[in-house]
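Listed below are the residues making up each chain.
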Amino acid sequence: MDALTRLHRSLVGGDDDEEQAEDPILGDTEGMCSLSPVQRVYGFAACLVAGLALMILSLIVFIRPIKFAVMFTFGNILAVGSTAFLMGPSQQLRMMLDPVRLYATAIYGGFVILALICALWIHSKVLTLIAIICEICALFWYSLSYIPFARRMVSDLMVKLEYNSLFGRQTSRTPGATRHH
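What you see is a predicted model, and the numbers here were worked out from it, not measured in a lab.

Got a minute to help me understand the confidence of the model for the chain in this structure?
Regions with low pLDDT should not have their predicted coordinates read in detail. Confidence in the prediction for the chain averages 82 pLDDT; 75% of positions are at 70 or higher. Across residues 16-30 the pLDDT falls below 50, and counting only partners more than four positions away or on other chains, this stretch makes 18 contacts in the model.

What should I look at first to understand the nonpolar core in this one?
As a rule of thumb, nonpolar side chains are buried together in soluble globular proteins. If you look at the biggest cluster of nonpolar residues, it comprises 10 residues: M55, F68, A69, V70, F72, A79, A115, A119, A131 and I132. Of all the secondary structure elements, the ones that give two or more residues to this core are α4 (65-81), α7 (102-122) and α8 (125-144). Formed jointly, this core draws a minimum of three residues from each of two domains, domain 1 (37-92) and domain 2 (98-167). Setting aside residues up to four positions removed in sequence, A119 forms contacts with I66, A69, V70 and T128. The next biggest cluster of nonpolar side chains, apart from the first, holds eight residues, and it includes Y108, A138, L139 and Y142.

Is there a simple way to think about the state of the cysteines in this case?
A disulfide bridge is the covalent bond that connects two cysteines by way of their sulfur atoms. On inspection of all chains with the given rule, the structure shows zero disulfides. Between C118, a free cysteine, and C134, which holds the nearest cysteine sulfur, the sulfur-to-sulfur gap is 9.7 Å. A relative accessible area of 4% places C118 in the buried class. With no disulfide partner, C137 has as its closest neighbouring cysteine sulfur the one in C134, 6.4 Å distant.

Even after reading the chapter, I still don't get a nonpolar patch on the surface, so can you show me in this structure?
On the surface, I113, I117, L120, W121, I122, V126, L127 and I130 cluster together into a nonpolar patch covering about 790 Å² of accessible area. Only α7 and α8 provide two or more residues apiece to the nonpolar patch. Tallying contributions element by element places α7 first for the nonpolar patch, with five residues. With respect to the secondary-structure elements, W121 resides in helix α7.

Thresholds, definitions, all that
Residues numbered from 1 in each chain as written. Predicted model: local features only at pLDDT ≥ 70, side-chain atom pairs only at ≥ 80, totals over all residues. Heavy atoms only, no water. pLDDT = per-residue confidence, 0-100. Contact = heavy atoms within 4.5 Å. Core = buried A, V, L, I, M, F, W, Y, C linked by side-chain atoms within 4.5 Å. Buried < 20%, exposed > 50% of the residue type's maximum accessible area, 1.4 Å probe, protein only. Helix = DSSP H or I, 4+ residues; strand = E, 2+ residues; numbered from the N terminus. Domains from an automatic or database assignment. Disulfide = S-S within 2.5 Å. Patch = residues over 30% accessible without salt bridge, like charges linked within 9 Å, V, L, I, M, F, W, Y side chains within 5 Å. Areas by Shrake-Rupley, 256 points an atom, 1.4 Å probe, with all protein chains shown as cover. Salt bridge = Lys/Arg side-chain N within 4 Å of Asp/Glu carboxyl O.

In structure tokens, the structure reads:
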């Protein structure tokens, strides 16, 4: 078995034909795709590079928040969607709609749509920049859902940082230490 085929099967989760047959919403779209594993890797790389290029090039037009938002958001969508080439669109949707990351997916998608609405219809630079910042944060949170315990660790870290910033760092005093006035 070819290494790319093994990679594809490990990402897709093996041959679960009975699981795909039970899923009436997503159906079996992988059967419609005639791309070889090598072509899938090329498609993934092309979308990822194009998405990253759009995100990086969007920094050039940062002064114009509306153009920045459109370029950055479409680059973001391309980069996130690039993994559909590796695992197939059906498996990509299944993973995005998994209960573990359903809220993160919904919030990320909501901010993507909000950023585009603020940029294309409302034409508000301030709202567009706020939506882009929220989109980046939502993408970060969504990405953490693929790493075991990462969201929990980040949450705990944020709580500790907030606690320390609100209440200051408590210093312990050793017995017998004297205070100098």
